[in-house]
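Below, each chain spelled out in residue letters.
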Amino acid sequence: MNLFIQNIVESQKVFILEHKEEIASVSSISFKNDVGEPVPVICFWSNKDLAKAGLDKVWNNYRIIDICLATFIEDYLVNIYNESLIVGLNYNEFLEGTEADPLDVIAALIDALNLKKLDLEFEYFKNINDLQNQLKKLIS
């Protein structure tokens, strides 16, 4: 996850594969829901080349879309958490990648942004500190 975080903080972009407003997803191999079924994993890539590998082999009807880092946090990670889903990072053409809790990804992003002394312009949060305070409330 660290390389994914480092890459998206540097580029300020995250890539998704989308088809008719559906985002590329797989079934989790690590997380199960309350009835024992695999949790859906929503896939994201840290660069266009990695996303293209999945596009060429698995999701060939999809298209690559880049989203800004603030949108990734607010509109994707927060919603994925609210829907009790999992985040998939840099999946390859063999459907191998890293599964992560969306709150863990947000926490890692906050740490990386603070380390680089970067702030983002959010729609729903005042700044990184506000995001961090909201995250603390969720995990405590």
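Here, every reference points to the structure presented above.
Residues numbered from 1 in each chain as written. Predicted model: local features only at pLDDT ≥ 70, side-chain atom pairs only at ≥ 80, totals over all residues. Heavy atoms only, no water.

**Side note on the overall build of the protein**
Which entries qualify depends on this criterion: Helix and strand definitions here come from DSSP, where helices need a minimum of 4 consecutive H or I residues and strands a minimum of 2 consecutive E residues; each element is numbered from the N-terminal end. It is over C-alpha atoms that the radius of gyration is taken, and the globule rule equals 2.2 Å times the number of residues to the power 0.38. Exposure categories follow from relative accessible area, calculated using a 1.4 Å probe and restricted to protein chains: below 20% of the type maximum is buried, above 50% is exposed, and the middle band is partly exposed. In this description, contact between two residues means that some pair of their heavy atoms is separated by no more than 4.5 Å. Working definition of accessibility: Shrake-Rupley area with a 1.4 Å probe, residue cover restricted to the visible protein chains. For this count, His and the chain ends are skipped, Lys and Arg are scored as positive, and Asp and Glu as negative. Charged groups are reduced to one reference atom each: NZ for lysine, CZ for arginine, CG for aspartic acid, CD for glutamic acid.
A count of helices and strands for the protein gives five helices and seven strands. N-terminal to C-terminal, the α/β element order of the protein is α-β-β-β-β-α-β-α-β-β-α-α. Radius of gyration (C-alpha) of the protein: 15 Å, near the 14 Å computed for a compact globule of 140 residues. In the protein, which comprises 140 residues, the proportion classed as buried is 42%. Contacts in the protein between residues at least 24 apart in sequence constitute 66% of all its contacts with a sequence separation of at least 6. Taken as a whole, the protein presents about 8,200 Å² of accessible surface, with 46% of it coming from carbon and sulfur. For the protein, the separation between the mean place of its 12 positive charges and that of its 22 negative charges on side chains is 5 Å.

**Looking at the side chain of Glu74**
Our working rule: Just to be clear on terms, a salt bridge is a Lys or Arg side-chain nitrogen sitting within 4 Å of an Asp or Glu carboxyl oxygen. Whenever two N or O atoms come within 3.5 Å, that pair is a polar contact, provided that in protein one can donate a hydrogen and the other can accept it, and provided that, for residues adjacent in sequence, both atoms are side-chain atoms.
Mapped onto the secondary structure, Glu74 falls in helix α3 (residues 69-82). Buried charge without a partner: Glu74 forms no salt bridge, and the closest opposite charge is Lys126, 12 Å away. There is a polar contact of 3.3 Å between the side chain of Glu74 and the backbone nitrogen of Phe125. In contact with Glu74, other than residues within four places in its own chain, are Asn79, Phe122, Glu123, Tyr124 and Phe125.

**Digging into the nonpolar core**
A general feature of soluble globular proteins is that nonpolar side chains tend to end up buried together. What counts, and what does not: The criterion is simple. A nonpolar core is a set of buried Ala, Val, Leu, Ile, Met, Phe, Trp, Tyr and Cys residues joined through side-chain atoms within 4.5 Å.
Phe44, Trp45, Leu69, Phe72 and Leu109 are the most contacted members of the largest nonpolar core, which totals 50 residues. Sort the elements by how many residues they give to this core and helix α4 (residues 102-115) lands first, with eight residues. Ignoring any residue separated from it by four or fewer positions in sequence, one finds Phe72 in contact with Phe4, Ile8, Val14, Phe44, Ile67, Leu77, Val105 and Leu109.

**A few points about the sheet that holds strand β2 (residues 22-23)**
Worth spelling out the cut-off: Criterion used throughout: strands pair if DSSP finds at least two bridges between them.
With antiparallel pairing, three strands are arranged side by side in an open sheet as β2-β1-β5. Each end of this open sheet is capped by a strand with a single partner; those strands are β2 and β5 (63-68).

**Let's talk about the sheet that holds strand β7 (residues 98-100)**
Rule in force here: Here an angle of 0 to 180 degrees is reported between the N-to-C directions of two axes, which are lines fitted to C-alpha atoms, with helices fitted over the stretch in contact.
The strand order across the open sheet formed by four strands is β3-β4-β6-β7, and the pairing between neighbours is mixed. The sheet is open, and its two borders are formed by β3 (25-32) and β7, each paired with just one other strand. On average, each strand axis in the sheet is tilted by 40° relative to the strand beside it, whichever way the strands run. With four bridges connecting them, strand β4 (residues 38-44) and strand β6 (residues 86-89) associate as parallel partners. Within the sheet, the bridge partner assigned to Phe44 lies in β6 and is Leu89.

**Notes on the pattern of salt bridges**
For the coordinates displayed, the defined rule picks out three salt bridges. Here Arg63 ties to Glu18 by a salt bridge, and the two come within 3.3 Å at their closest N and O atoms. Here Glu18 lies in strand β1 (residues 13-19) and Arg63 lies in strand β5, a separation of 45 residues in the sequence. Between Lys52 and Asp56 there is a salt bridge, and its shortest N-O distance comes to 3.0 Å. On the criterion of helical spacing, the pair formed by Lys52 and Asp56 is a turn pair, its members being four residues apart in helix α2 (residues 48-57). Judged by its relative accessible area of 40%, Lys52 is partly exposed.

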